[in-house]
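Coordinates in review
This is what each chain is made of:
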Amino acid sequence: MTRLNWQEIAPEGAKALFGIHHYVTRRTNLPEELVHLVFLRVSQINGCAHCIDMHSRDLRKTMSIDKISLVPVWDEVHHLFSEQERAALAWAEEVTRVSETHASEEAYAAASAQFAPKDLVDLTITIAAMNAFNRLGAPFRVPVAAQS
């Protein structure tokens, strides 16, 4: 069954959500690669095929396929990820799974040690935005670009 095109049906809502996306990708001090890394990890947790496909493609422009492939197990391959990337990925997992983690003190301390206060807030907005996109992309089965 074909699912609804949420962007066509609710263009004002889509515009608002894309406004947040524009903010985190263009108006913050967060490195673009870090933003896409967080987008990818959040999408992997949420199982949004469209977003996983899109952000994997975005990262392939600047990151090795080996590193991208190991994002789901980033905490087992510390040598591939910087301290800041590890803190961002840990915080992304904590915030995405907030009902389970309650945003632990350990993850908050690690993120706070790597990000200035404004950057940590912007990182959290980044995570929240991707969670919102995933909650539209997955249920409405937004198509992927990948071909067989």
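Residues take numbers from 1 onward in each chain, read along the sequence in its written order. Totals for whole chains, interfaces and linings use every residue, but because this is a predicted model, local features are given only for residues with pLDDT of at least 70 and side-chain atom pairs only at 80 or more, for both listing and counting. To obtain the side-chain values, all non-hydrogen atoms of the structure were used and water was disregarded.

Some thoughts on the overall build of the chain
Applied cut-off: Runs of H or I in DSSP of at least four residues are treated as helices and runs of E of at least two as strands, each being numbered from the N terminus. As defined in this context, the radius of gyration uses C-alpha atoms, and a globule is described by 2.2 Å times the residue total to the power 0.38. Only protein chains enter the calculation, and the probe is 1.4 Å; a residue is then buried if its accessible area is under 20% of its type maximum, exposed if over 50%, and partly exposed in between.
Scanning the chain from N- to C-terminus turns up 9 helices and 0 strands. Ordering the α and β elements of the chain from the N terminus gives α-α-α-α-α-α-α-α-α. The C-alpha atoms of the chain give a radius of gyration of 15 Å, which matches the 15 Å a tight globule of 148 residues would have. Considered along the principal axes of its C-alpha atoms, the chain spans approximately 45 × 35 × 30 Å. Across the 148 residues of the chain, 40% fall into the buried class.

Digging into the pattern of salt bridges
Side chains bearing opposite charge may pair, as long as their charged atoms lie close to each other. Stated formally: The working definition used for a salt bridge is a side-chain nitrogen of Lys or Arg within 4 Å of a carboxyl oxygen of Asp or Glu.
Considering all chains together, one arrives at 6 salt bridges under this definition. Between aspartate 58 and lysine 61 there is a salt bridge, with the nearest N and O atoms lying 3.9 Å from each other. Residue classification places lysine 61 among the exposed residues on the basis of a relative accessible area of 68%. A salt bridge links glutamate 85 to lysine 67; its shortest N-O distance comes to 3.0 Å. With glutamate 85 in helix H6 (residues 83–96) and lysine 67 in helix H5 (residues 65–69), this residue pair connects regions lying 18 residues apart in the sequence. There is no split in this pair, since glutamate 85 and lysine 67 are both buried. Where salt bridges share partners, they join Arg41, Glu93 and Arg97 into one cluster.

Concerning unusual backbone geometry
With phi around 55°, histidine 102 is a residue other than glycine that occupies positive phi space. Following the sequence through the fold, histidine 102 ends up in the loop between helix H7 (98–101) and helix H8 (105–114). Assessed through its relative accessible area of 61%, histidine 102 is described here as exposed. Its identity as a non-glycine residue notwithstanding, alanine 103 has a phi of 50°, on the positive side.

Quick notes on the UniProt feature "domain: Carboxymuconolactone decarboxylase-like" (unreviewed entry) in the chain
Selection criterion: UniProt positions are given in the numbering used here, feature names are shortened, and annotations may be inferred rather than shown by experiment.
Residues given the UniProt feature "domain: Carboxymuconolactone decarboxylase-like" (unreviewed entry) here are residues 11–94. Secondary structure content for residues 11–94 is 73% helix and 0% strand, and the end C-alpha separation is 30 Å.

Notes on the nonpolar core
We count it as follows: What is meant by a nonpolar core is a set of buried Ala, Val, Leu, Ile, Met, Phe, Trp, Tyr and Cys residues, joined one to another through side-chain atoms within 4.5 Å. Contacts were defined at the residue level, with two residues in contact if any of their heavy atoms lie within 4.5 Å.
Val38, Trp91, Phe115, Leu123 and Ile127 are the most contacted members of the largest nonpolar core, which totals 27 residues. Counting only elements with at least two residues in this core, the list comes to helix H2 (11–27), helix H3 (32–46), H6, H8 and helix H9 (117–137). Ignoring sequence-local partners within four residues, the contact set of phenylalanine 115 consists of Leu30, Leu34, Gln84, Ala87, Ala88, Leu120 and Leu123. Grouped together as the second largest cluster of nonpolar side chains are 10 residues, Met63, Ile68, Val71 and Val77 included.

Remarks on the side chain of lysine 67
In this structure lysine 67 comes out as buried when scored by relative accessible area, which is 12%. What lysine 67 contacts, discounting residues up to four positions off in sequence, is Leu80, Phe81 and Glu85.

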